[in-house]
Amino acid sequence: MTAKLIDGRQVSATVREEVSARVKKRLQDGKRAPGLAVVLVGEDPASQIYVRNKRRDCESVGFASFQYDLGADATQVQLESLIDDLNDNPEVDGILIQLPLPPHLDADPLLLRIHPDKDVDGFHPYNLGRLCQRKPELRPCTPAGIIRLLDSIGTNYKGAHALVVGASNIVGRPMALELLLKGATITVAHRFTQDLAGYVAQADILVAAAGKPGLIKGEWVKPGSTVIDVGMNRLDSGKLCGDVEFDAARERAAWITPVPGGVGPMTIATLLQNALEACERRDIG
């Protein structure tokens, strides 16, 4: 058996087309374009690339892009004031603070300061709480994007055993909630888990989000399973790889995401979807 690839680039392109069509319809109806504010602090090269790509993606689907590039010496008070202004700005539907921030800044209270209705990353406790209560609003981008990938291949969740490896607030925990919402039976593995191989061998759906290259051995993977690799690790050679031993896992799984080109494109596509939905919710109050 050789697993079929789940093409994140193709699915994300479909999401972008859907978002673009809905924006065009808004404009035809005399409504304003959704607005996304992206805040960059400092000159971290990787962050600058991410922000440039996000702004480009905003423009490609017809969003209004609000750009705020602050120096590395920006203060906590300055950022708090900027967030307050963006919360009050009726043209801004989503606020994104590019992480990581310089070490003298505390990201947690800044993220909490973003109004939940404009929290397009889906990190605010309010939005995570809504997901816990099975009444989601703005969903964490990577887990929601993964669900879209799984839906694209016709995944049958009910009765399936899903294993999420990694328990971060950004991916692992909300991923488990998303899969639970779909009707799967969930196990979350973390750094204290014993016999990880045994859990992987039982998983019909495996989501690896630990950030450790090659953590999941291909020989552990359950034959016929679906493998979603969230890991994006750069080796000393410069090559990107995931958390799963791809070549060996592909010989056992039925479906698998590549790295890169799997989960990554879906995160930004879902961010755009969240911003549009935030805008549409504001239309109806």
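Residues numbered from 1 in each chain as written. Predicted model: local features only at pLDDT ≥ 70, side-chain atom pairs only at ≥ 80, totals over all residues. Heavy atoms only, no water.

Chemist: So, the overall build of the protein chain: which residues are in play, and what are the values?
Modeler: Helix and strand counts for the protein chain come out as 10 helices and 11 strands. Computed over C-alpha atoms, the radius of gyration of the protein chain comes to 19 Å, within 12% of the 19 Å expected from 2.2 N^0.38 for 285 residues, which places it in the range of a compact globule. For the protein chain, the spread of C-alpha atoms along the principal axes amounts to about 50 × 45 × 35 Å. Within the span of the protein chain, comprising 285 residues, buried residues form 47% of the whole. Pairs at least 24 apart in sequence give 71% of the contacts found in the protein chain among residues at least 6 apart. Element-wise, carbon and sulfur atoms account for 51% of the exposed surface of the protein chain, whose accessible area totals about 13600 Å². Charge-centre separation for the protein chain: the mean point of 33 positive side chains lies 6 Å from the mean point of 36 negative side chains. (Helix = DSSP H or I, 4+ residues; strand = E, 2+ residues; numbered from the N terminus. Rg over C-alpha atoms; globule rule 2.2 N^0.38 Å. Buried < 20%, exposed > 50% of the residue type's maximum accessible area, 1.4 Å probe, protein only. Contact = heavy atoms within 4.5 Å. Areas by Shrake-Rupley, 256 points an atom, 1.4 Å probe, with all protein chains shown as cover. Lys, Arg positive; Asp, Glu negative; His and termini not counted. Charge placed at Lys NZ, Arg CZ, Asp CG, Glu CD.)

Chemist: Give a description of the pairing of strand β3 (residues 64–70) that names residues and reports values.
Modeler: Direction of pairing for strand β2 (residues 35–41) relative to β3: parallel, over a ladder of 7 bridges. Paired with L36 across the strands is S65, a residue of β3. (Pairing = 2+ DSSP bridges.)

Chemist: I'd like to hear about the layout of surface pockets, residue by residue, with values.
Modeler: Summary: where empty space remains is shown by rolling a probe the size of a single water molecule over the atoms. Considering only enclosed or pocket space, the largest pocket measures out at about 1400 Å³ in volume. Around the largest pocket, the lining comprises 47 residues; the ones closest to its centre are Y50, T142, M232, G264 and T267. Of all elements in the fold, only α1 (8–28), α2 (45–60), β4 (94–97), α6 (141–152), β9 (233–234) and α10 (264–283) reach the threshold of two or more residues within the lining of the largest pocket. Element by element, the count of residues in the lining of the largest pocket is highest for α2, at 8 residues. Of the residues in the lining of the largest pocket, the class split is 25 nonpolar, 12 polar and 10 charged. Formed jointly, the lining of the largest pocket draws a minimum of three residues from each of two domains, domain 1 (30–115) and domain 2 (139–262). In this structure, the second largest pocket encloses a volume near 270 Å³. What lines the second largest pocket is a set of 16 residues, among which R139, A144, I147, E178 and Q273 lie closest to the centre. Among the secondary structure elements, those contributing two or more residues to the lining of the second largest pocket are α6, α7 (172–182) and α10. For the lining of the second largest pocket, the class distribution of residues is 4 nonpolar, 4 polar and 8 charged. (1 Å grid on protein atoms, 1.4 Å probe; cavity = no way out; pocket = protein on both sides within 12 Å on 5 of 7 lines; lining within 4 Å. Points joined across faces, edges and corners; volume = space filled by probe spheres on them. Nonpolar A, V, L, I, M, F, W, Y, C, P; charged D, E, K, R; others polar. Domains from an automatic or database assignment.)

Chemist: Account for empty space enclosed by the protein, with residues named and values stated.
Modeler: For the structure on display, the rule yields 1 cavity of 30 Å³ or more. Approximately 40 Å³ is the volume found for the largest cavity. What lines the largest cavity is simply I95, L111, I114, D119, D121, F123 and H124. Taken together, the residues of the lining of the largest cavity sort by class into 4 nonpolar, 1 polar and 2 charged.

Chemist: Can you break down the environment of L79 residue by residue, with the values?
Modeler: With respect to the helices, strands and loops of the structure, L79 is situated in helix α3 (residues 76–88). Placed 180 residues apart in sequence, L79 and V259 show a C-alpha to C-alpha distance of 34 Å. Not counting the four nearest positions on each side in its chain, L79 is found in contact with V39, V41, L70, L105 and L110.

Chemist: Talk me through the domain arrangement of the protein chain; I want residue IDs and the actual numbers.
Modeler: According to the domain assignment, the protein chain contains domain 1 (30–115) and domain 2 (139–262). Distance between the C-alpha centres of domain 1 and domain 2: 30 Å.

Chemist: If you had to explain the sheet that holds β4 to someone new, which residues and values would you point to?
Modeler: Here we have 3 strands laid out as an open sheet, ordered β3-β2-β4, and parallel in their pairing. Where the open sheet ends on each side, the last strands, each with one partner, are β3 and β4. This sheet shows a mean twist of 15° between the axes of neighbouring strands, independent of strand direction. (Axes fitted to C-alpha atoms, helices over the stretch in contact; angles between N-to-C directions.)

Chemist: How would you summarise the packing of helix α5 (residues 125–132) against α7 if you had to cite specific residues and measurements?
Modeler: Running from N to C, α5 and α7 point in directions that differ by 30°, and their axes come no closer than 9 Å. In terms of axis orientation, α5 runs roughly parallel to α7. Note on packing geometry: the crossing formed by α5 with α7 is left-handed. Across the interface between the two elements, L128, L131 and C132 of α5 pack against P174, L177, E178 and L181 of α7. Of the residues that constitute the contact of α5 with α7, the class distribution is 6 nonpolar, no polar and 1 charged. (Parallel < 35°, antiparallel > 145°, perpendicular 65-115°, else oblique. Left-handed = near helix turned anticlockwise from the far one by under 90°.)

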